[in-house]
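This is what each chain is made of:
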Number of protein chains: 2
Amino acid sequence: MVQKNIEDFINEVTSSIGKNKIITDNLILKLYSKEPSGLMGNISAVIFPESKEDVSKILSIAYKYEVNIYPQGSSSSLSGNAVPLRDGVIVSFERMNKIKDLSITDNIVIAEPGVRIDELNLFLEKYNYMFPIDPASQSVATIGGAINNGAGGLKGAKYGTMKDWVNGMEIALPDEKGTRLFVGCMTVKCRKGYDLARLIIGSEGTLALVTEAVLRITPIPESIVTSLALFDNLDDLLNSFIEIKSIGMQPYIAEFMDSKTVEVASKGVDINFEPKGNMLLLSIDTNKESTERMKKFLEDTLKKHNANKIITSLSQQEAEELGLFKIRRNLFAAQVSMGYSLYGNGKKLQVFIEDIVVPPSKIKLAINKIREVSENYGLFVSIGGHIGDGNIHPSVVYDVTDENMKTKVVSWYKDVMKIALDLNGSVSAEHGIGLLKKDGLIMEMTHYNSLKEIDIMKSIKSLFDPKGILNPGKVL
Amino acid sequence: MVQKNIEDFINEVTSSIGKNKIITDNLILKLYSKEPSGLMGNISAVIFPESKEDVSKILSIAYKYEVNIYPQGSSSSLSGNAVPLRDGVIVSFERMNKIKDLSITDNIVIAEPGVRIDELNLFLEKYNYMFPIDPASQSVATIGGAINNGAGGLKGAKYGTMKDWVNGMEIALPDEKGTRLFVGCMTVKCRKGYDLARLIIGSEGTLALVTEAVLRITPIPESIVTSLALFDNLDDLLNSFIEIKSIGMQPYIAEFMDSKTVEVASKGVDINFEPKGNMLLLSIDTNKESTERMKKFLEDTLKKHNANKIITSLSQQEAEELGLFKIRRNLFAAQVSMGYSLYGNGKKLQVFIEDIVVPPSKIKLAINKIREVSENYGLFVSIGGHIGDGNIHPSVVYDVTDENMKTKVVSWYKDVMKIALDLNGSVSAEHGIGLLKKDGLIMEMTHYNSLKEIDIMKSIKSLFDPKGILNPGKVL
């Protein structure tokens, strides 16, 4: 049942920005209400603003009628960040998808929030530039979603996360006028009092809506050497990585996957080598004159630590031809199919992906503990992640109709977060808090004796969103 | 006259943390109250905490008696950021100067706020690592000061500013208990709700005191090629830089200085070449096998744009031997001596350094306008800066006893900021707001139609510092 205030809201929005920007069809509402974490919402409309002015109008009317707004990019988030939890409407940015300006000299691109990351990179490739934030969901993930989610990706060890690649943003506030502000600046450097831009990045749509972003871009490296190595012993893999870091190398990409996960993820993948053992995928960006030396350095170090299979490419193209990234890319699909083999076809399965981070030197310890905990629960866990920045993504597949297993998984999820905290890590590296990690955030603040942060954050939320209508129920 | 509340405060702090950590001697108070911008304060004591617990005690007692606290690193800031404006006490971090932990594998160092940047780099050099933020004041500038000031430096075009190099911090709040929080995290990536760490960075000591920082470190580049080039025509210089950027090069260092400034700054400097013309100083970090190609690339491009003198070094050591950085380093001293030659010896001179930033493609326009404005005021301006990130530091020297000239300089200062804003830039790149740019911040917010930001910032200030005792009168 649609509440009276929402009905009035929809009528006023319709007459303000036009009928063709609002959908209330039930089937479509359902489609927009679901996200990969399996969470499902219940909303009254999806609104598609086409300009920053539209966004301001929507927000000012929502403020008036106190209607909940759930901003949405592609809804590919994994912690329940985007799901419409209560009543209200989704504001989808898919029609605000224009790349508005590019300056190579200034290393910036100006884009609307609905631009997809892959799309942006296709555009930049023509100029030999790239936007280096590459979450696994980059083919659908949008700039606005990535900003709100503080997204990271495979190149995180070298390039950090979204907070490092946004110079400035235009945002719209949930107030009487849907006031728009320009936070941050056009350039890499500026000092404008308190850093409101970084307060918005990672705020998961709870403080303001992003209507435009000034993004930093960087040249595509001249040369990229990639080694895929397989190790019988996970300790050997981790030691080889520690040696590479200790020498002062900053890998472009550093991914790992444990042997069981490699076995699962390589099923049905067309590759020329036997995928057996724990996998390390290491890319080093360098100059063309140094590629042979880097290749030798990588292979020598990997061999020294008992890698029993090493395949090295001297360019991205060769890496693709050799299929070095195929296993990594097949991970999510493979986990689902593994679920069917475990629980039988026709089951309603859910992949549950953890997102902890520990100092890279503690990865070995973390993995051993995660395995132990998972075994105690009788859960089959696959472990992989971004070894370069200490981000581990253990995951389990489970049958959502099995209540007993569901309870186990929830408990496992908490235990894994606890492992991260005990090793000086954090409960979330890049997926955010959303709904699923709200308890985890409290755990982390408690662990670091920093609970007052939660109070400060709640007050900041009230400052930006006094009526609490932006993505309510998330983060805090 | 020391106010009653300050007297009580000093007594209680003395019995709480010990007598030997407090100085009230007038001569020493004066020494600590002055900063390079020429501003001078009036305080009752300098307190030297030796631990985070000391800091909490000081803050809790200051909260009780409502005593103003002026945090101080080395007081080398340039916008009146650290000067004790009203009554109160300085809290100097010079005794909290320990490097507490280093992990090469994790790429972090944990340091107390009083560690000097140069000192940190001397320590890291042994491991072939560096902390890349290098303000001109790095020999005295402290980590705590650099965090509060959101500092940048010569390597800013490649490495950004302080906000990009702090993973996490322990801070102490001005509340009943001097509560300490751990904002941010130990790792490069984490998602902990709203990004309070970056809210503190650049807040100029107005929100909290930093008691410890987890800093990111990075390997010293394998090879650095540096060209110093002199151009008759400033346009040629700027065009050569634009071409280098357009090709996708990200210089390690990119500094420029106009011809008049070169003339002034090379006086008394021992170099083997004639310092005539506008100077561009360009460093490219690369692999050892590529140094020759980079040298050729740099020299070809510089020649193409009519550089009439080019000197190139293939390593940092060679750059030092050739004296390529000598002119740049002598800038500040030279400006002072130029002042004496303009206004006569024995005058009370002040160097006034601007700190605007524009998109690099707009530097040419900005410089031409700055020259025009300066000429209109009859002021001799020297212009240099970090061309790589668009940060320009025009500066004037003036006789502080000449009221007429002082008025002119203040007006010039505003006009230069206006030029930056008209070119989509910002009024401050790295020196911050402090006292001197408070009007500038309002100008910028007005220009970008973003005045509500000031209200939000004021509310944030009240959240962290409800009694307004931390560095009062600054930023907002």
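In what follows, the structure referred to is the one given above.
So, here is what we can say about the structure in this document. For clarity, every value in this text was computed on a predicted model and none was experimentally measured.

### Focus on the relation of the copies chain B and chain A
- Each copy of the sequence occupies a distinct position, and chain B is placed on chain A by a rotation of 180° and an axial shift of 0.0 Å, giving an RMSD of 0.0 Å. The superposition operator between the copies reduces to a two-fold rotation axis. When C-alpha positions in chain B are compared against the rotation axis, the closest is assigned to Glu-289 of chain B, at 2.8 Å.
- When you check the interface residues of chain B against chain A, 100% turn up at the interface there too, and the contact is symmetric in its surfaces.

### With respect to the sheet that holds strand S3 (residues 69-72) of chain B
All names here are of chain B.
- With respect to topology, 4 strands assemble into an open sheet ordered S1-S2-S4-S3, the strand pairing being mixed. A strand with exactly one partner marks an edge of an open sheet, and here the two such strands are strand S1 (22-23) and S3.
- As paired elements, S3 and strand S4 (residues 89-92) share 4 bridges and run parallel to each other. Across the sheet, residue Pro-71 finds its bridge partner in S4, namely Val-91.
- Across the sheet, helix H1 (residues 4-17) lies against S1, strand S2 (45-47), S3 and S4, angled at about 25° from S2, the strand it touches most.

### As for the state of the cysteines
Residues and elements named next belong to chain B.
- In the structure shown here, the tally under the stated rule is 2 disulfides over all chains.
- Disulfide pairing places Cys-185 opposite Cys-190 at an S-S distance of 2.3 Å. Taking the sign of the S-S torsion, about -105° here, the bridge from Cys-185 to Cys-190 comes out left-handed. Assigned by exposure class, Cys-185 and Cys-190 land together as buried.

### Side note on the interface of chain B and chain A
- Between chain B and chain A, the residue contacts involve 89 residues of the former and 89 residues of the latter.
- Taken together, both faces of the contact between chain B and chain A bury some 7,300 Å²; the carbon and sulfur share is 58%.
- Its largest share of buried area at the contact with chain A, chain B owes to Lys-189, Arg-191 and Tyr-194 of chain B, together 15% of the area lost on that side.
- One salt bridge connects Lys-192 of chain A with Glu-453 of chain B, and the closest N-O pair in it is separated by 3.4 Å.

### A closer look at the side chain of Asp-465 of chain B
Residue and element names in this part refer to chain B.
- Residue position: Asp-465 is located in the segment after helix H17 (452-464).
- Of the polar contacts made by the side chain of Asp-465, one reaches the side chain of Lys-461; its length is 2.7 Å.
- Setting aside residues no more than four positions away along its own chain, Asp-465 makes contact with Pro-174, Thr-206 and Leu-470.

### Concerning helix H2 (residues 26-33) of chain B
Residue and element names in this part refer to chain B.
- The complete set of buried residues in H2 reads Leu-29, Tyr-32 and Ser-33. For H2, the angular spread of the buried residues around the axis is 100°, confining them to a single face. Facing away from the buried side of H2 by more than 90 degrees, the exposed set consists of Leu-27, Lys-30 and Leu-31.
- In this structure, the buried side of H2 is in contact with S1, S2, S3 and S4.
- With a side-chain oxygen lying 3.1 Å from the backbone nitrogen of Leu-27, the N-terminal cap of H2 falls on Asp-25.

### Comments concerning the nonpolar core
- By size, the foremost hydrophobic cluster in this structure holds 147 residues, and its most contacted members are Phe-131, Met-169 and Leu-215 of chain A together with Phe-131, Met-169 and Leu-215 of chain B.
- When sequence neighbours within four positions are dropped, the list of residues in contact with Leu-215 of chain A reads Asn-107, Ile-108, Val-109, Ala-111, Leu-120, Phe-131, Ile-143, Met-162, Trp-165 and Val-166 of chain A.

### Re the packing of helix H16 (residues 438-447) of chain A against helix H17 (residues 452-464) of chain A
All names here are of chain A.
- Where H16 meets H17, the axes come as close as 8 Å, and the angle between the chain directions of the two elements is 130°. Between H16 and H17, the angle falls in the class oblique. Of the residues in H17, those touching H16 at Leu-441, Ile-442 and Met-445 are Glu-453, Ile-454 and Met-457.
- Class assignment for the residues of the contact of H16 with H17 results in 5 nonpolar, no polar and 1 charged.

### Digging into the pairing of strand S13 (residues 253-257) of chain A
Residue and element names in this part refer to chain A.
- Counting buried residues in S13 gives 5 out of 5 residues, a clear majority hidden from the surface.
- Of the two faces of S13, the one carrying Ile-253, Glu-255 and Met-257 and the one carrying Ala-254 and Phe-256 are both buried.
- Sheet analysis places S13 next to strand S14 (residues 278-286), joined by 5 bridges and oriented antiparallel. What sits directly across from Met-257, in S14, is Met-279.
- Sheet topology note: the S13/strand S19 (residues 384-386) ladder contains 3 bridges and is antiparallel. The residue bridging Met-257 from the neighbouring strand is Gly-384, located in S19.

### Here's the deal with the packing of aromatic side chains
- As enumerated under the stated definition, the model contains 14 aromatic pairs over all chains in all.
- Considering the side-chain rings of Tyr-32 of chain A and Phe-48 of chain A, the 5.7 Å spacing of their centres and the 80° angle between planes classify their relative orientation as edge-to-face. Placement of Tyr-32 of chain A in helix H2 (residues 26-33) and of Phe-48 of chain A in the loop between strand S2 (45-47) and helix H3 (52-65) is noted, with a sequence separation of 16 residues between them.
- Arranged with centres 5.8 Å apart and planes meeting at 55°, the rings of Tyr-159 of chain B and Trp-165 of chain B form a pair that is tilted.
- Among the residues examined, Tyr-159 of chain B registers a relative accessible area of 10% and is labelled buried.
- A relative accessible area of 5% means that Trp-165 of chain B is categorised as buried.
- Following the ring pairs from residue to residue traces out a cluster consisting of Tyr-159, Trp-165 and Tyr-252 of chain A.
- Geometry around Tyr-63 of chain A places Lys-467 of chain A over its ring, the cationic atom sitting 4.0 Å from the centre.
- Positioned above the aromatic ring of Trp-165 of chain B is the side chain of Arg-216 of chain B, whose terminal nitrogen or guanidinium carbon lies 4.3 Å from the ring centre.

Rules used in this analysis
- Residues numbered from 1 in each chain as written.
- Chains lettered and ligands numbered in written order.
- Predicted model: local features only at pLDDT ≥ 70, side-chain atom pairs only at ≥ 80, totals over all residues.
- Heavy atoms only, no water.
- Least-squares fit on C-alpha atoms with pLDDT ≥ 70 in both.
- Contact = heavy atoms within 4.5 Å.
- Pairing = 2+ DSSP bridges.
- Helix = DSSP H or I, 4+ residues; strand = E, 2+ residues; numbered from the N terminus.
- Axes fitted to C-alpha atoms, helices over the stretch in contact; angles between N-to-C directions.
- Disulfide = S-S within 2.5 Å.
- Buried < 20%, exposed > 50% of the residue type's maximum accessible area, 1.4 Å probe, protein only.
- Buried area = accessible area lost by both parts, 1.4 Å probe.
- Salt bridge = Lys/Arg side-chain N within 4 Å of Asp/Glu carboxyl O.
- Polar contact = N/O pair within 3.5 Å; in protein donor to acceptor, adjacent residues only side chain to side chain.
- Arc of directions from axis to C-beta.
- Core = buried A, V, L, I, M, F, W, Y, C linked by side-chain atoms within 4.5 Å.
- Parallel < 35°, antiparallel > 145°, perpendicular 65-115°, else oblique.
- Nonpolar A, V, L, I, M, F, W, Y, C, P; charged D, E, K, R; others polar.
- Phe/Tyr/Trp six-rings, centres within 6.5 Å; stacked < 30°, edge-to-face > 60°.
- Lys NZ or Arg CZ within 6 Å of the ring centre and 35° of its normal.

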